[in-house]
Amino acid sequence: MPIHNGPMLRLTRAPDLTTATLWVDALNTEGISASVQRQYLSGVAGELPPDQCTPEVWIAHPEQEARARTLLHHLQHVPQRQWWCRCGEFVEGGFEQCWRCGAWMPG
Ligand SMILES: [Zn+2]
């Protein structure tokens, strides 16, 4: 990843590093230059395991903030779980609607 020296913008704070990485990957896929910045709770970097920090998602180009927030909103509201539809279909891949009968994922 190229080093960017311009002003960066903190987009959001992620619940964990896995989620932060997922969001950054999605943003980069959409052409938004993003990266994970780890904010250590104690302020002592390197002495805590990676899951003890609060990862933040930053974007390199503040003018892309609106697009980035829209994408992030979708990422945060699309459940990544699998579910059984009442029609008997097993729906996976984060879809909220059954591709077979059109029913929505239960509550
Ligand atoms: Zn169904």
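Residues numbered from 1 in each chain as written. Predicted model: local features only at pLDDT ≥ 70, side-chain atom pairs only at ≥ 80, totals over all residues.

1. Overview of the overall build of the protein chain
When its secondary structure is counted, the protein chain shows 2 helices and 5 strands. Per-residue burial for the protein chain yields a buried fraction of 11% across its 107 residues. Counted over contacts in the protein chain with a minimum sequence separation of 6, partners at least 24 positions apart contribute 48%. (Helix = DSSP H or I, 4+ residues; strand = E, 2+ residues; numbered from the N terminus. Buried ≥ 20, exposed ≤ 12 C-beta atoms within 10 Å, placed from the backbone. Contact = placed C-beta atoms within 7 Å.)

2. Focus on the confidence of the model for the protein chain
Of the residues in the protein chain, 78% have a pLDDT of 70 or more, and the chain-wide mean is 82. Between the elements of the protein chain, mean pLDDT differs from a low of 83, seen in strand S2 (residues 34–40), to a high of 93, seen in strand S1 (residues 9–13). (pLDDT = per-residue confidence, 0-100.)

3. Focus on the nonpolar core
Side chains of a nonpolar character, in soluble globular proteins, are inclined to be buried together. Grouped together as the largest cluster of nonpolar side chains are 11 residues: Leu11, Ala14, Ala20, Trp23, Val24, Leu27, Ala34, Val57, Ile59, Ala68 and Leu72. In terms of residues, this core owes the most to one element, helix H1 (residues 17–29), which gives 4 residues. Once residues lying within four places of it in the same chain are set aside, the contact partners of Val24 are Ala34, Ser35, Val36 and Val57. (Core = buried A, V, L, I, M, F, W, Y, C linked by C-beta atoms within 7 Å.)

4. Comments concerning the environment of Gln37
Tracing the backbone through its elements, the reader meets Gln37 in strand S2. Along the chain, Gln37 and Arg13 lie 24 residues apart, while their C-alpha atoms are 9.4 Å from each other.

5. A short note on the environment of Ala34
Examined against the element boundaries, Ala34 turns out to sit in strand S2. For Ala34, a count of 26 C-beta atoms within 10 Å puts it in the buried group. Expressed as a C-alpha distance, the spacing of Ala34 and Val24, which sit 10 residues apart in the sequence, is 5.5 Å. Contact partners of Ala34, with chain neighbours within four places excluded, come to Leu11, Val24, Leu27, Asn28, Val57, Trp58, Ile59 and Ala68.

6. So, the environment of Asn28
Within the element layout of this structure, Asn28 appears in helix H1. When the C-alpha positions of Asn28 and Ile59 are compared, they lie 9.5 Å apart, and in sequence the two are 31 residues distant. Residues in contact with Asn28, not counting those within four places in the same chain, are Ser33 and Ala34.

7. Quick word on the packing of H1 against helix H2 (residues 65–77)
Running from N to C, H1 and H2 cross one another at 130 degrees; their axes reach a closest spacing of 10 Å. Judged on the interaxial angle alone, H2 and H1 are oblique. Of the two elements, H1 crosses H2, and the hand of that crossing is right-handed. For the pair H1 and H2, contact is made by Trp23, Ala26 and Leu27 and by Ala68, Leu71, Leu72 and Leu75, respectively. For the contact of H1 with H2, the residue count by class is 7 nonpolar, no polar and no charged. (Axes fitted to C-alpha atoms, helices over the stretch in contact; angles between N-to-C directions. Parallel < 35°, antiparallel > 145°, perpendicular 65-115°, else oblique. Left-handed = near helix turned anticlockwise from the far one by under 90°. Nonpolar A, V, L, I, M, F, W, Y, C, P; charged D, E, K, R; others polar.)

8. Observations regarding H1
Its 13 residues give H1 an end-to-end C-alpha distance of 18 Å, which sits within 8% of 18 Å, the value for a rise of 1.5 Å per residue. At the C-terminal side of H1, Gly31 shows a positive phi close to 85 degrees. (Expected span 1.5 Å × (residues − 1).)

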